[in-house]
Amino acid sequence: MGGKIKSDQIDGYLCETGPIGFIDNKPRVLEVVHSLGLDSDLSVSKDASRYRYLVVDGKLQLLPMSPPAFIKTKMLSWPAKMRAIMELWSKPSPPGKDESIAEFSRRHLGKEIVDKLVAAMAVGIFAGDAEKLSVKSCFPVMLELEKEGSGSLLKAQMRRSKRKRAKAKAEGPQKTIKGPKSEGMVGSTGKLTTFRRGMAHIIDRLKERLDGQIITGFEVAEIARENGQYEIKSAAGEQVEADIVVLAAPAYAVSKILANLDEEAAKLIGEIPYAPVNVVVAGYAKSGLGHDLDGFGFLASKREKRGILGCLWNTSIFDGQAPADKVALRVMVGGAINPDATALDDDETLKLVQKELRDIMGISNDPEFNHIIRYKRAIPQYIVGHEERMVKISSLMEKHPALFLTGNAFRGVGFNDCVINAEKTAERVVEAVKEKLA
Ligand SMILES: Cc1cc2nc3c(=O)[nH]c(=O)nc-3n(C[C@H](O)[C@H](O)[C@H](O)COP(=O)(O)OP(=O)(O)OC[C@H]3O[C@@H](n4cnc5c(N)ncnc54)[C@H](O)[C@@H]3O)c2cc1C
């Protein structure tokens, strides 16, 4: 239970197998946390981690987070900055075209910003390639902004900020939402948040609450429909009958499970590609590290041609990540932009990581601790055409009114998306039960 979410304490280091946290800006997710009685177990990222870095031409550069910082940054040329200002005169997207994140962003901001900044963003969220990922499926808010700003994202942002300021003025001082310790407003940005004992804390609590009502460790091999019921068969030959089925496994697993029930849907679902990623948690003595870890960490875009996608400075983000006087770094290797790097064996992977950290951050010490997590298929890639595929899948699933799909393969890869989509699915299940009982 929990899938990618697993928090292992090893030699005093908190090794998160999957997500390290979630953004605390989704009231629905915070309500789930609240209903599980976990408000006081939330741990909000430290203030210092608001600084983020990019590797540009092999060097760490602070990511500009405000218009003055954007003007001053040395990571972009003046023509690139001027091109970004021209965004105010951008034209709306060509109708009906599913553009890649890179295509869309080049139209708005020009090539240099895409190669240096936008591509790194695609790496950070999807371990993906901005040239292949669909803007419509990965960042639908960009299309909303484009529409709102009559073609210009900047115009839309300025209008939104103006409206927000006017609303804030009219409402007076606002309350913070109960739950997170961020003291922040629950707005569009939010703060990265985890649980004191790691992300698996929420899974453990769910497990406790569902005690006696769930079966785990049941690897579904196939689903068949017999006499108005589903027969769920396990790989070990067991069988369970169900009126309603929700599949929340990765796309490649769902595809196998559905192969006999609906060949066409199974084929389409099985075509959703995944990026491979290896994660290395490296622990060092704090003293003499040669870097003060003054931020969240860094990302490296495809143009940098590095084996690593980036590195999170875990101990600068959250408390409780490493023993006292030690620091923990979390390095992501491979992804869609460098899948071959995930084929390296453990020794080669650690050598690559150490070389990259030396070149990029100037860390020449050997780590005192290493832990590697390997994923052949880590994160689903919503490539161009994903939305069209989803429309076809949804239409095929109409033939199966008591069979539901959820999970990160379809409509959002983050923890928040998974929780929100699972809740929506649960609501549909309740409706289906009511219909059955009517
Ligand atoms: C390295 C990494 C870092 C990430 N970092 C973040 C982050 O910091 N913040 C964030 O918001 N998101 C992050 N994500 C994304 C997020 O963690 C995942 O998208 C989310 O946890 C996926 O949840 P899921 O339940 O859809 O899929 P999974 O976690 O993949 O769970 C699928 C479940 O299906 C089960 N299953 C598979 N096959 C079968 C079968 N045949 N029968 C029965 N069960 C089956 C598996 O055992 C598993 O329990 C990260 C992902 C990775 C890989």
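As a reminder, the structure under discussion sits directly above these lines.
Quantities reported herein were computed from a predicted structural model and do not represent experimental measurements.

Participant: Which parts of the structure should I look at to understand the sheet that holds strand S12 (residues 274–285)?
Facilitator: Strand pairing in a sheet takes place through backbone hydrogen bonds and is either antiparallel or parallel in direction. A sheet is described by the order of its strands in space; here seven strands give the open sequence S6-S5-S13-S14-S15-S12-S16, paired in mixed fashion. Two strands lie at the open edges of the sheet, namely strand S6 (59–62) and strand S16 (369–380), each paired on one side alone. The mean inter-strand angle of the sheet, taken between neighbouring strand axes irrespective of direction, is 25 degrees. Pairing analysis gives four bridges linking strand S5 (residues 52–56) to strand S13 (residues 297–300), with the strands arranged parallel. Within S13, the position partnered with Arg-52 by the bridge is Gly-297.

Participant: What exactly am I supposed to notice about the pairing of S12 here?
Facilitator: Every other side chain in a regular strand lies on the same face of the sheet, so the side chains alternate between the two faces. By the criterion of burial, S12 is predominantly enclosed, with 11 of the 12 residues buried. Of the strand pairs in this sheet, S12 and S16 are connected by nine bridges, and their pairing is antiparallel. Paired with Ala-275 across the two strands is Ile-379, which belongs to S16.

Participant: For this particular structure, what's the right way to read the packing of helix H3 (residues 78–85) against helix H4 (residues 101–109)?
Facilitator: Axis angle and axis distance: for two packed helices, these are the angle between their axes and the distance between the axes, and together they describe the pair. Taken N-terminus to C-terminus, the directions of H3 and H4 make an angle of 90 degrees; their axes are 7 Å apart at the nearest point. The angle between H3 and H4 places the two elements in the roughly perpendicular class. The residues of H4 that touch H3, namely those facing Ala-80, Arg-83 and Ala-84, are Arg-106, Arg-107, His-108 and Leu-109. When its residues are assigned to classes, the contact of H3 with H4 shows three nonpolar, one polar and three charged.

Participant: What am I meant to see in the packing of aromatic side chains here?
Facilitator: The relative placement of two aromatic rings is captured by the distance of their centres and the angle of their planes. One pass over the full model with this rule turns up seven aromatic pairs. For the ring pair Tyr-13 and Phe-369, a centre distance of 4.3 Å and an interplane angle of 10 degrees mean the geometry is stacked. Here Tyr-13, found in strand S2 (residues 13–16), pairs with Phe-369, found in strand S16; they are 356 residues apart in sequence, far enough to count as distant. Of the residues examined, Tyr-13 reaches a relative accessible area of 3% and is grouped as buried. For Phe-369, a relative accessible area of 6% translates into the label buried. Ring geometry for Phe-22 against Phe-195: centres 5.8 Å apart, planes inclined by 35 degrees, an arrangement best described as tilted. With Phe-22 in strand S3 (residues 22–23) and Phe-195 in strand S7 (residues 192–195), the pair connects residues that are 173 residues apart, well separated along the chain. The pair Phe-22 / Phe-195 is uniform in exposure class, with both members buried. An aromatic cluster is defined as three or more aromatic residues linked by ring pairs; in this entry it consists of Phe-22, Phe-195 and Phe-415. Seen from the ring of Phe-296, Arg-52 lies directly overhead, with NZ or CZ sitting 3.8 Å from the centre.

What counts as what
- Residues numbered from 1 in each chain as written.
- Predicted model: local features only at pLDDT ≥ 70, side-chain atom pairs only at ≥ 80, totals over all residues.
- Heavy atoms only, no water.
- Pairing = 2+ DSSP bridges.
- Helix = DSSP H or I, 4+ residues; strand = E, 2+ residues; numbered from the N terminus.
- Axes fitted to C-alpha atoms, helices over the stretch in contact; angles between N-to-C directions.
- Buried < 20%, exposed > 50% of the residue type's maximum accessible area, 1.4 Å probe, protein only.
- Parallel < 35°, antiparallel > 145°, perpendicular 65-115°, else oblique.
- Contact = heavy atoms within 4.5 Å.
- Nonpolar A, V, L, I, M, F, W, Y, C, P; charged D, E, K, R; others polar.
- Phe/Tyr/Trp six-rings, centres within 6.5 Å; stacked < 30°, edge-to-face > 60°.
- Lys NZ or Arg CZ within 6 Å of the ring centre and 35° of its normal.

These figures come from the coordinates and say nothing about function on their own.
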